[in-house]
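# Coordinate analysis (summary)
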Amino acid sequence: MATLCKHISITIAVLIFGVGFASEHLLAELRVSPIAVLLDSAESSQQLLVMGERDGREIDLTRSVSFQVQDKRIARVNSQGLIQPLVDGKTNLNIKWKDLQETVPIEVTGMQQSAAVSFRNEIVPILTKAGCNSGGCHGKAEGQNGFKLSVFGFDPLADHQAITMESRGRRLSPANPDRSLFYLKGSARLPHGGGQKIDPLSYRDKRLLRWISEGAQFDNGDEENSEIIGIEIEPKTHHLLAGEQQQIRVTAIDVSGKRRCVTTEAEFESNATSIADVDTLGLVTASDIPGEAAILVRYLGHVAVSRITLPRPDNKFKRPAENNFVDRLVWNKLEQLGIEPSSGVGDAEFMRRVYLDTIGTLPTVTEAKQFLADKSPKKRSRLIDQLLERPEYADFWTMAWLDILRADQLKISPQGAVAMQRWLHRHFEENRPFDRFARDLLTVQGNTSAEGPGSFYKILAKPDEAARSISQLLLGVRIECAQCHHHPSERWSQADYVGLAGFFTGLKLKKLPNGEQAVVSLVGKDLPHPRSGELIAARALGAETADFSKALDRRRVLADWMTSSENPFFAKAISNRLWAHYFGRGLVEPIDDIRDTNPATNEPLMQALAAHMRDVRFDVKAFTRTLLNSRVYQLSSNANASNETDVQNFSHAAYKAMPAEVLLDAICHSAGVGEKFNGWPEGYRAIQIWDNRMPSYFFRIFGRPVRATVCECERSNEPSIAQALHLLNSPAIAEKIAHRKGRARQLSDSELSTRELISELYLATLSRYPTDKEETLMSQAFAADGSDRQAACEDVLWALLNSKEFVFNH
Amino acid sequence: MFHFKLGQKQRNCDGVSRRHALRLGACGLISGLTLPRLLELEIKAAAPQAAKAKSCIFLFLEGGPPHQDMWDPKPNAPEEIRGPFQQIATNVPGTFVTDQLPLCAKIADKYTIVRSHSHRDNAHSTGYHYVMTGRKASFRDGDNPVPNNEFYPSIGSVVARERGPRGALPAYINLPHPMAGGGPGFYGAEYAPFVIEADPTQPDFEVKDLSPAGSLPQKRQNIRKKLLAGIDEIERQRNRGQAKTMSTYYEKAFNLMTSPAAKKAFDINSEPDEVRDKYGRTQLGQCALLARRLVEGGCRFVGVDAPGWDVHFNCFPSLQTDLIPYADRAFSALVTDLEQRGLLDETLVVMMGEMGRTPRINAQAGRDHWSMAQTIIFAGGGTKPGQVIGATDKHAAAPTTEPIGVSDLLRTISSLMGINADKTYFGPLGRPIPIVDGGKVIRDLV
């Protein structure tokens, strides 16, 4: 079916008189597309879009207008604006909205003799949309009840075989098409374990039957011209207000340029359903949370995105001052969305946040007092500079990277974990640039017990495991899906997957005479495609075939590609990772799932950060300094009425769960009593422990990661009852609170007044002075006669350790 | 001789003590705060069936109980297969068990024996993972982190998520230590088991962290409560946003601490001596008793881990003196007790291990791992009692009837609990993960 897709606009005289028409007289025209409809087969359909304008904004009227087909025998139209053919002929569709009118000619052909149904182009989408080939059903690796399809239909040839030939061809009955199992089961005319997936007598049902009747052809004999080369969606971007809706239309385009409306056959998925959700018909519904959602549209392996923006109108946006480009770009976005940022954060909250974020450590009471007393306007940036040079910076970031580099000592041996820990520590201590980090990780050779990241490859011995982990870790691209099937929401195919794995085929682990292992690099080889068996030349993601003529170690070529200034992923991935750490949420989320169909919530900012990362030559500290000195980082975590529901635009600071190790250190610090770790010298802090298998109830319930994946998401953030109970009642923490060398005892033994004691305890836990109200509250613990000051100090300390303000980084 | 004493550290043949391995984070693979999309669910199939069971007690005989020495006797097999135990009749005509199960034999009309369970994972930690998650482990056996189900949720976590708590008690509890395969996987810490890490046979048994440490005088407890309430009040006024989540958990924790129902449920010492004796003063017996109390208190899924069944060496003395009699007593007492209290209909009891044991007695007079055949015992919760379902061959080596796999088991439990086993959640990579992958409800059982 071919349609003309240019818009027509008919301007209606604007009524400017009469108060009664307040809202509608702004609507000047109906814009209907397409302007003419041609339906050329029995199962074809055409989605109309009827747009109008109100208050200068485009709005979708498709479901508000009334439709009428002049000759009801020729075609019918439903309330969603979908036109379906009935018999060959010509007629008109009248579209009415209030006093605006429009007419669209409809032509129906091919009802008697449609072009043959092509399995590849017309049946596979049905199987996909009905969920037949989904991962939970026949699409899973072993199929379902003996019938297996390729997941999302990525391998139509195999699917065609499965349907037409497997099980001795019993799934189809060419002689009696309507007795075919394949036809009867999906529509549940015969009992079907998966239930009714295809409505009887729907266009899908009819097309299946016609396909079988025509001999169940893979192609319709016109494969040269009929291959679908792309999809087009409308609208590509759109603004919606709370509660509004927008219909999306999907058009497939084949090699010959022929266009066919496939809205009913495409799949739709929102990446932020709390902002805007989409149903199976492609109708987007906006919630009342401002922000952006990307609606992913998938059809026959082609993907496209419609970006839906939900601004909050009528908000007077007062643009705050800017410290750097981060502020400019975040304010731009907030202005566009009509979200007012929170006010700037107070000194104390800023201090606690920046300490925990950069060095995983609370400020001491003295440090806190000094900072709060400092009158210099530059004290914040000075503090940032100081923290980045603290030794704990290296400890904290070493811990974070040990997690995602999967330094599980049980799997890579304690020696391997220590080797990696030392390498990381030196890396962060010397602030080596991140491109060097990547290069070192990629090209490491030699003994895995020697300082270096070699033990990373102990758990990634297979080339494809190494490839997909490196891809997720350093490029932010999850290519794992493409191991078994074409990536459902990206362009990556199985060939891309094995192409990337080809860089790691020279990698071997060699046993050394002393029992240790060494990473050695031999000549690599290309790997076969998992389905066709054809050798796929090694190539990086989206890059040309790799040239190994100048390098013996294939990994070097990959490292060159990755760290080159043109690489589209590398700088973005590390920028997004660091941003997510400091702001509690990535610009792209999940942080290691960067793809065109999962856009950043603030694309200009994402681009600018990646450019900045390259400008500072991957100097992570310099980059961090830019983030921390921005006003955005220094916003309060208290939301206002306008930004309360905002989750993705950084209008206020996030509440972040502290990693288990940081929380334990914070408790020790506040109570003034360190933790003695079994087998470790006195004075070691939790963030310094490389041994991820050290038994600890605390770490277990607070979610220390098992280092089983390269995903940062492994660190559990959710609170549990066991956590709350442990903080409230555990003997281990009670012992610290009441310890004879602990803070409570020291304070109660001092000469300080009740007021001063309370202040000290607030500074030690929450890094701030108490308010008057809090002072009054806490002084209730102290008896009037000053007896049992120690108990009172313990009780106040206990209460503070159990406050949300303490447990969270905010 | 290799003889087990309960209450001691238990070692399996992989050489790692289970108790010793309690060291890894109750980790979800996803972080719910940042990946809201992944938490969204998609209902794929028909609406869930009406629930027959409100709660489930899952008695896990860890190590692999010998099915032929307990539930599936083969009196006509040669001695090196049959073993030293005799078969006895039960109170259901035609149903026989070994003479090691005299108490259970008297009440065979109250449960159903499924003899045809069979799967292909012949190791402990991977088998545990398989049985509790329905998915083959991706790690090698011998890696013993607890929980070992880093990705897939256990059936306990599924029940916790789908059915939620029925009162102040957590929805999902493990006794008397975490179950290795019992973690929440990618469902996250919210659906992790609440673990009562204490031995209910001990006089000083108490639930960890449930009441204030040490002997804090009531006056100070009151002060602390007042201070915390004051802080909470101030925080509430100041904050909007995420801290609310933690508040909910504090509330739940406080409810647990202060709820009379919870307190009562945990107070096993208030049980009359004769009841405690009836269950047996063994870890399994007292855990079974505590499980009944927890179910009465509203817990949805109690997983009891009873280790010590990995009997490779000289197995018959320990089977005869400790293992089987303890299980015989605990199971029969639990089922009878539930029935007397009118709770059996709404409480599903399942007893099994990760595998059965080899038909032939080995050179060390023990039996080795044998996942090809195992017997599972079901009682209550809407199951039809008094039956034997399935059969094994003459050596109890493999089912001769349609084998009942792990997915069948989990689908049956889900279905009895009123859970739609086809419901699907998105895993961290965005892949749809159904609660149970395939499987059929065990025919004739329901």
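Only a predicted model underlies this, so the values are computations on that prediction, with no experimental measurement involved.

Now for the overall build of chain A. Across its full length, chain A holds 27 helices and 28 strands. Along the first, second and third principal axes, the C-alpha atoms of chain A reach 100 × 85 × 50 Å. Counting the 810 residues in chain A, one finds 52% classified as buried. Sequence-distant contacts, at least 24 apart, represent 63% of the contacts inside chain A between residues at least 6 apart.

Glancing now at the overall build of chain B. From N to C terminus, chain B includes twelve helices and 15 strands. When the 446 residues of chain B are sorted by exposure, 57% land in the buried category. Sequence-distant contacts in chain B: of pairs separated by 6 or more residues, those separated by 24 or more amount to 73%.

Okay, the nonpolar core next. Membership of the largest hydrophobic core comes to 265 residues, with the highest contact counts inside it found for A:V796, B:L59, B:A288, B:V302, B:V304 and B:V350. For this core, the element with the most residues is helix 11 (residues 315-340) of chain B, which contributes twelve residues. Residue assignment places this core across two domains, with domain 4 (447-551) and domain 5 (731-809) of chain A each supplying three or more. With residues up to four places along the chain from it excluded, the contact list for A:V796 reads A:I758, A:L761, A:M778, A:A781 and B:L227.

Below, the discussion takes up the domain arrangement of chain A. Residue and element names in this part refer to chain A. Per the domain assignment, the segments of chain A are domain 1 (8-108), domain 2 (119-221), domain 3 (224-310), domain 4 (447-551) and domain 5 (731-809). Here the C-alpha centre of domain 4 lies 36 Å away from the C-alpha centre of domain 2. Listed by partner, the interface residues are six residues for domain 2 and five residues for domain 4. Of the residues assigned to the side of domain 2 that touches domain 4, the class counts are four nonpolar, one polar and one charged.

Residue and element names in this part refer to chain A. Overall, antiparallel pairing links the three strands, which are arranged 4-9-8 in an open sheet. Two strands bound the open sheet, and with one partner strand each, they are strand 4 (46-47) and strand 8 (75-77). Pairing between strand 4 and strand 9 (residues 82-85): two bridges, direction antiparallel. Bridging across to strand 9, Q47 finds its partner in L82.

A negative phi holds for most residues other than glycine; trans holds for most peptide bonds. In this model, A:E589 is joined to A:P590 through a cis peptide bond whose omega is -5°. Of note, A:P590 is situated in the loop between helix 16 (570-583) and helix 17 (603-615). Between B:L175 and the following residue, B:P176, the backbone shows a cis peptide bond with an omega angle of -25°. Note that B:P176 resides in the loop between strand 6 (172-175) and strand 7 (194-195). Even without being glycine, A:A216 reaches a positive phi, approximately 50°. Mapped onto the elements, A:A216 comes out in the loop between helix 4 (203-213) and helix 5 (223-226). A residue is classified by how many C-beta atoms lie within 10 Å of it, and A:A216, with 22 of them, is buried.

Right, let's get into the sheet that holds strand 16 (residues 259-261) of chain A. All names here are of chain A. Across the sheet, which stays open at both edges, the three strands sit in the order 12-15-16 with antiparallel pairing between neighbours. Where the open sheet ends on each side, the last strands, each with one partner, are strand 12 (228-234) and strand 16. Taken pair by pair, the neighbouring strands of this sheet meet at an average axis angle of 25°, ignoring direction. As paired strands, strand 12 and strand 15 (residues 249-254) are joined by six bridges and run antiparallel to one another. The residue bridging E234 from the neighbouring strand is R249, located in strand 15.

Residue and element names in this part refer to chain B. Per-chain confidence: chain B averages 85 in pLDDT, with 86% of residues scoring 70 or above. Below a pLDDT of 50 lies the segment residues 1-11, which in the model reaches 25 contacts outside its immediate sequence neighbourhood of four places, other chains included. Within the model, the stretch residues 14-48 combines pLDDT values under 50 with 111 contacts to residues more than four positions away or in other chains. Across the interface, the model reports ipTM at 0.79; the global pTM reads 0.82.

Moving on to helix 12 (residues 434-443) of chain A. All names here are of chain A. Listed in full, the buried residues belonging to helix 12 are F434, D435, F437, A438, L441 and L442. The arc that holds the buried residues of helix 12, viewed along the axis, is 155°, so those residues lie on one side. Close packing links the buried residues of helix 12 with helix 11 (409-429), helix 13 (463-475), helix 15 (554-563), helix 16 and helix 18 (620-629).

Across chain A, pLDDT averages 89, with 95% of residues at or above 70. Across residues 1-25 of chain A the pLDDT falls below 50, and counting only partners more than four positions away or on other chains, this stretch makes 43 contacts in the model.

Right, let's talk about helix 7 (residues 347-359) of chain A for a bit. Residues and elements named next belong to chain A. Over its 13 residues, helix 7 extends 18 Å from the first C-alpha to the last, a length consistent with the 18 Å expected when each residue adds 1.5 Å. For helix 7, a buried count of eleven out of 13 residues is recorded, marking the element as mostly surrounded by other parts of the structure. Phi turns positive, to about 60°, at G360, one or two residues after helix 7.

Residue and element names in this part refer to chain A. Interhelical geometry of helix 24 (residues 754-765) versus helix 26 (residues 789-801) gives an angle of 30° and a closest axis separation of 10 Å. It follows that helix 24 is roughly parallel to helix 26 by the angle criterion. Crossing of helix 24 against helix 26: the hand is right-handed. Residues L757, I758, L761, Y762 and T765 of helix 24 form the contact with helix 26, whose participating residues are C793, V796, L797, L800 and L801. Residues belonging to the contact of helix 24 with helix 26 are distributed by class as follows: nine nonpolar, one polar and no charged.

Quick look at the environment of A:A608 now. Residue and element names in this part refer to chain A. Here A608 lies in helix 17. Given 18 C-beta atoms within a 10 Å radius, A608 is considered partly exposed. The sequence separation of A608 and R693 amounts to 85 residues, and the corresponding C-alpha distance is 40 Å. Contact partners of A608, with chain neighbours within four places excluded, come to F325 and L329.

Reading the values: the criteria
- By convention here, each chain's residues receive numbers from 1 onward along its written sequence.
- For this description, chains carry letters from A and ligands carry numbers from 1, given in the order in which they are written.
- Two thresholds apply to this predicted model, a pLDDT of at least 70 for residue-level local features and 80 or more for giving and counting side-chain atom pairs, whereas whole-chain, interface and lining totals are computed over all residues.
- A run of H or I in DSSP becomes a helix once it reaches four residues, and a run of E becomes a strand once it reaches two; helices and strands are each numbered from the N terminus.
- Each residue is classified by how many other C-beta atoms fall within 10 Å of its C-beta atom, where C-beta atoms are placed from the backbone; a count of 20 or more means buried, 12 or fewer means exposed, and values in between mean partly exposed.
- Here, residues touch in the contact sense if the C-beta positions derived from the backbone fall within 7 Å of one another.
- Among buried residues, those of type Ala, Val, Leu, Ile, Met, Phe, Trp, Tyr and Cys that are joined through C-beta atoms within 7 Å form a set called a nonpolar core.
- An automatic or database domain assignment provides the domain bounds reported here.
- For this scheme, ten residues count as nonpolar: Ala, Val, Leu, Ile, Met, Phe, Trp, Tyr, Cys and Pro. Four count as charged, namely Asp, Glu, Lys and Arg, and the remainder, Gly too, count as polar.
- Two strands qualify as a pair provided DSSP detects at least 2 bridges between them.
- Angles shown run from 0 to 180 degrees and are taken between the N-to-C directions of axes, each axis being a line fitted to C-alpha atoms and, for helices, limited to the stretch in contact.
- Each residue carries a pLDDT value, the predictor's own confidence for that position, ranging from 0 to 100.
- Directions pointing from the helix axis toward each C-beta atom define the arc.
- Each residue after the first adds 1.5 Å to the expected span of a helix.
- Working definition: roughly parallel below 35 degrees, roughly antiparallel above 145 degrees, roughly perpendicular at 65 to 115 degrees, and oblique for all remaining angles.
- Two helices cross in a left-handed way if the nearer one is turned anticlockwise from the farther one by less than a right angle. They cross in a right-handed way if the turn is clockwise.

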